Amino acid sequence: MGTTPSPVENMDPDEIAKFEALAERWWDNTGEFKPLHDINPLRLDFIDARAGMAGRRVLDVGCGGGILAEGMAHRGADVIGIDLGEAPLGVARLHAEESGLAIDYRRVSVEALAEEAPGRFDVVTCLEMLEHVPDPGSVVRACAALVKPGGQVFFSTLNRNPKALALAVVGAEYVLRMLPRGTHDYAKFIRPAELARWCREAGLAVREQSGLVYNPLTRRYRLHPTDVSVNYLMHCQREDA
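Residues numbered from 1 in each chain as written. Predicted model: local features only at pLDDT ≥ 70, side-chain atom pairs only at ≥ 80, totals over all residues. Heavy atoms only, no water.

> If you had to explain the overall build of the protein to someone new, which residues and values would you point to?
The number of helices and strands found in the protein is eight helices and eight strands. The C-alpha radius of gyration computed for the protein amounts to 16 Å, which stays within 12% of the reference 18 Å derived for 241 residues, consistent with globular compactness. Here the C-alpha coordinates of the protein stretch approximately 45 × 35 × 35 Å along the principal axes. Among the 241 residues that make up the protein, the fraction classed as buried is 54%. In the protein, the proportion of contacts linking residues at least 24 apart, taken out of those at least 6 apart, comes to 70%. If you sum the accessible surface of the protein, you get close to 10,900 Å²; carbon and sulfur atoms cover 52% of it. In the protein, the 27 positive side-chain charges and the 34 negative ones have mean positions that sit 6 Å from each other. (Helix = DSSP H or I, 4+ residues; strand = E, 2+ residues; numbered from the N terminus. Rg over C-alpha atoms; globule rule 2.2 N^0.38 Å. Buried < 20%, exposed > 50% of the residue type's maximum accessible area, 1.4 Å probe, protein only. Contact = heavy atoms within 4.5 Å. Areas by Shrake-Rupley, 256 points an atom, 1.4 Å probe, with all protein chains shown as cover. Lys, Arg positive; Asp, Glu negative; His and termini not counted. Charge placed at Lys NZ, Arg CZ, Asp CG, Glu CD.)

Dropping the structure here:
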C-alpha cells in the first residue's frame, strides 16, 4: 500500500525529524499542536463551503497526525492522507482506528503519487506544509496533477514579510510560546503572489484568498477575507475542466 520514499525526493530530513519527535503529542490539544487544533474548524469550514466534502474523494498532502484528514472524514469525505514521516502516520492510523474512521494513510511523496494516480481526486488539500519543503513549487505542480479537471485545491502557508516574522516566529515561538522554537524558518515563508504564480503555472486558477488572523487577547483565530499578512489560505481550481 505504502511507497518507500527515495533519498532524492522533495524533503528536508531536519523537518521530517522535527515532526517525528513530536508525533506522540499530535492529538494533545493543549500541547505543541494546539494552534492546529484551534484553526482546524476554520479550515474545514473554508474548504467545505467551497468544495463540499460529503462524498468527495479527498487527498490531504502532508497530513501529519491526521487532524485535518479526520475532520474531513467526519464530514463525509473519502480521505487519503500522505506524509513522509512514519511516526506521525502511525499516530494518525491509530487515532483514526480509535475514532472509527476509514482513512487510508500512506508514506509517499506527493510527486510520486502524482505519477501513480494523476487526476484521481475531487479535492486536494496541502495545509501548513509548503513552508517545510525545499521546493514548494514542485508540491504545487503535483497537487495540480492529482486533482481531476475542474477539481478544487486548497493551500495554506505563511506570508513572508516583517509582520509574519514578528508574529509567527518571534511572537508565537519565543514570546507566547505557542509553538516550539525552531518550528518555522522565516526564509521559507511564501508570499501570496509567489504561491499564486506557481498555481497558475501548474494550470490552477486562483479563486480566493483568505487570512487566518489570531487575536492574542481573546486567544482565538478567525478568517479574514483580505488580511493575508501572516497566515493565509488559497483556494484554487484546475482549469482544464
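> Which residues make up unusual backbone geometry, and what values do they have?
Of all residues except glycine, most have a negative phi; of all peptide bonds, most are trans. The backbone phi angle of E128 is positive, close to 55°, even though this residue is not glycine. Note on placement: E128 falls in the loop between β4 (121-127) and α6 (136-146). The phi dihedral of R219 falls on the positive side, at around 60°, and the residue is not glycine. Mapped onto the elements of the fold, R219 is located in the loop between β6 (204-215) and β7 (220-224). Judged by its relative accessible area of 63%, R219 falls in the exposed class.

> Provide a residue-level description of the pattern of salt bridges, including the pertinent values.
This structure, assessed with the given rule, holds 18 salt bridges. One salt bridge connects D48 with R75, and the closest N-O pair in it is separated by 3.3 Å. Taken together, the residues D48 in helix α2 (residues 34-51) and R75 in the loop between α3 (67-74) and β2 (78-83) connect sequence positions 27 residues apart. Residue classification places D48 among the partly exposed residues on the basis of a relative accessible area of 25%. Salt bridges sharing partners connect three or more residues here, namely D12, E15 and K188. (Salt bridge = Lys/Arg side-chain N within 4 Å of Asp/Glu carboxyl O.)

> Explain the environment of Y105 residue by residue, including any values.
As for its placement among the helices and strands, Y105 is situated in strand β3 (residues 104-107). Y105 gets classed as buried once you look at its relative accessible area, which sits at 2%. Taking the C-alpha atoms as reference, Y105 lies 6.7 Å from R93; in sequence the two are 12 residues apart.

> I'd love a proper account of the sheet that holds β3, names of residues and values included.
Strand order in this open sheet of eight strands is β3-β2-β1-β4-β5-β8-β6-β7, and the pairing throughout is mixed. Of all the strands in the sheet, just β3 and β7 have a single pairing partner and so form its edges. Each neighbouring strand pair of the sheet contributes to a mean axis angle of 20°, computed without reference to strand direction. As defined by bridge partners, strand β1 (residues 57-61) adjoins β4 across three bridges and the pair is classed as parallel. By the bridge assignment for β4, L59 is matched with V124. (Pairing = 2+ DSSP bridges. Axes fitted to C-alpha atoms, helices over the stretch in contact; angles between N-to-C directions.)

Geometry only, nothing functional implied.
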